[in-house]
Amino acid sequence: MLVILRFRAEPQLQERLDAAVEVLQTKPGFDGADIVQNLDEPDLWALVLRWKDVGSYRRALGGYESKVVVVPLLSEAIDEPTAYDAPEHVGENI
C-alpha cells in the first residue's frame, strides 16, 4: 500500500520530512519511505510511504510522537487523495 503526500517547499521542510520518517519507520507494518523533489517544479516535494496495509498506516498516526511530529506535517500536505493500493486490493469505498 502506498501513501503519496505532496508538499510545497517551506523552510525546514526536508528536516521535518526526515523527522516524520524517523517516527514512522518504528511503526509495525512500515515497509519504506522516499522523500523526493519534483524535477520540473523544484518547490514541489513528495513523501512516498510504503505500508503492509492501510490499517498499519492509520494506526501509525496514533500515539504521542506521531501526533506531535507526523500529524502536523501531514496536515500541511496538498489536499488530495493520498492512499493507493493494487487494483485487486481496492474495494468499494463506502
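Before going into details, it helps to say that this report is about the structure given with it. (Residues numbered from 1 in each chain as written. Predicted model: local features only at pLDDT ≥ 70, side-chain atom pairs only at ≥ 80, totals over all residues. Heavy atoms only, no water.)

1. Regarding the packing of helix 1 (residues 13-24) against helix 3 (residues 64-74)
Relative placement of two packed helices is described by the angle separating their axes and the distance separating the axes.
Piece 1. Between helix 1 and helix 3, the shortest axis-to-axis distance is 9 Å and the interhelical angle comes to 135 degrees. With respect to each other, helix 1 and helix 3 are oriented oblique. Seen from above, helix 1 lies across helix 3 with left-handed handedness. Listed contacts from helix 3 to L13, R16, L17, A19, A20, V23 and L24 of helix 1 are E65, S66, V69, V70, P72 and L73.
Piece 2. Its residues assigned to classes, the contact of helix 1 with helix 3 comprises 10 nonpolar, 1 polar and 2 charged. (Axes fitted to C-alpha atoms, helices over the stretch in contact; angles between N-to-C directions. Helix = DSSP H or I, 4+ residues; strand = E, 2+ residues; numbered from the N terminus. Parallel < 35°, antiparallel > 145°, perpendicular 65-115°, else oblique. Left-handed = near helix turned anticlockwise from the far one by under 90°. Contact = heavy atoms within 4.5 Å. Nonpolar A, V, L, I, M, F, W, Y, C, P; charged D, E, K, R; others polar.)

2. Considerations on the sheet that holds strand 2 (residues 30-37)
Piece 1. Sheet architecture is open: 4 strands sit in the order 2-3-1-4, paired in antiparallel fashion. The open sheet is flanked by strand 2 and strand 4 (83-84), the only strands paired with a single partner.
Piece 2. Packed on one face of the sheet, helix 1 meets strand 1 (2-8), strand 2 and strand 3 (44-51) and runs near 5 degrees to strand 3. (Pairing = 2+ DSSP bridges.)

3. Looking at the environment of L39
Piece 1. Considering the arrangement of structural elements, one finds L39 in the loop between strand 2 and strand 3.
Piece 2. Residue classification places L39 among the exposed residues on the basis of a relative accessible area of 83%.
Piece 3. With 31 residues separating them in the primary sequence, L39 and R8 have C-alpha atoms 13 Å apart. (Buried < 20%, exposed > 50% of the residue type's maximum accessible area, 1.4 Å probe, protein only.)

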